[in-house]
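# Chain and residue survey
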Amino acid sequence: WATGLMMARPQFVSDAGLLMIRDAAEYASDPDHGGEVFFTGQSQGAVIAQAQGFLAEELLNAQPGQHHLVHVVAWGVAGTSESIVKMIERSRQGYGRDVWPPIERHRALTDADHRAAMQVWNVLAARWSRLDGKDVAAHVEGVGQQIHTIGYFFDIDPFAHLGTFLGTPLFFPAELVLP
């Protein structure tokens, strides 16, 4: 539950998360054998799906050429724009992925995929370092508009109204849930 307090940032910037983003971007940018990419999740997984869709689109924007669409389908969760803005701001302030330095060193020494994950992070961080500090939220909104994102929520769920959703929220009325 502790990562819920951080709106899942530890998951979407993890080595595994960054490698999945890299793989999705490679697939979406391949004009011959690639295609559209989908991220989906429910509850905290939906926060992660929104963020990974954003990061995949951001990585695609760092590359020349056209690419296929990135889609996100979220189920019953708050928006994650603020968490993405916080991630970018923390990166720009020198905190990297916000991983405790001894843990980061441990991963570098023990995880064979760590170097590849950090290459993805470094591309993203370089893009963000060029942003004007006041433009971070506008940047997140702009990248979010490039992604086809929809979310399904129950109107009576108070958590569904927290945060700014990156795409189109669709609310089911309470009558569909309550007897």
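Keep in mind that this is a model prediction, so the values were computed, not measured. (Residues numbered from 1 in each chain as written. Predicted model: local features only at pLDDT ≥ 70, side-chain atom pairs only at ≥ 80, totals over all residues. Heavy atoms only, no water.)

## So, the sheet that holds strand β3 (residues 148-154)
Reading across from one edge, β1-β2-β3-β4 is the order of the 4 strands in this open sheet, with parallel pairing throughout. The sheet is open, and its two borders are formed by β1 (37-42) and β4 (168-172), each paired with just one other strand. Put simply, the sheet's adjacent strands are angled 15° from each other on average, direction ignored. As paired elements, strand β2 (residues 70-75) and β3 share 5 bridges and run parallel to each other. Paired with A74 across the two strands is G151, which belongs to β3. Packed on one face of the sheet, helix α4 (residues 44-61) meets β1 and β2 and runs near 160° to β1. (Pairing = 2+ DSSP bridges. Helix = DSSP H or I, 4+ residues; strand = E, 2+ residues; numbered from the N terminus. Axes fitted to C-alpha atoms, helices over the stretch in contact; angles between N-to-C directions. Contact = heavy atoms within 4.5 Å.)

## Notes on the packing of helix α3 (residues 15-29) against helix α7 (residues 114-129)
Running from amino to carboxyl end, α3 crosses α7 at an angle of 70°, the nearest separation of the two axes being 9 Å. Comparing the axis directions of α3 and α7 gives the class roughly perpendicular. Two packed elements cross with a definite hand, and for α3 against α7 that hand is left-handed. Taken together, the residues of α7 that come into contact with α3 (itself represented by D15, L18, L19 and R22) are H114, A116, A117, V120, W121 and L124. (Parallel < 35°, antiparallel > 145°, perpendicular 65-115°, else oblique. Left-handed = near helix turned anticlockwise from the far one by under 90°.)

## Section: the environment of P169
Here P169 shows up in strand β4. The spacing of P169 and A78 is 91 residues in sequence and 9.8 Å in space, taken between C-alpha atoms. Beyond its immediate sequence surroundings of up to four residues, P169 is in contact with G151 and F153.

## Notes on the packing of helix α5 (residues 81-95) against α7
Between α5 and α7, the shortest axis-to-axis distance is 10 Å and the interhelical angle comes to 85°. The pairing of α5 with α7 is recorded here as roughly perpendicular in orientation. Residue-level contacts link M87, I88, S91 and R92 of α5 to W121, A125, W128 and S129 of α7.

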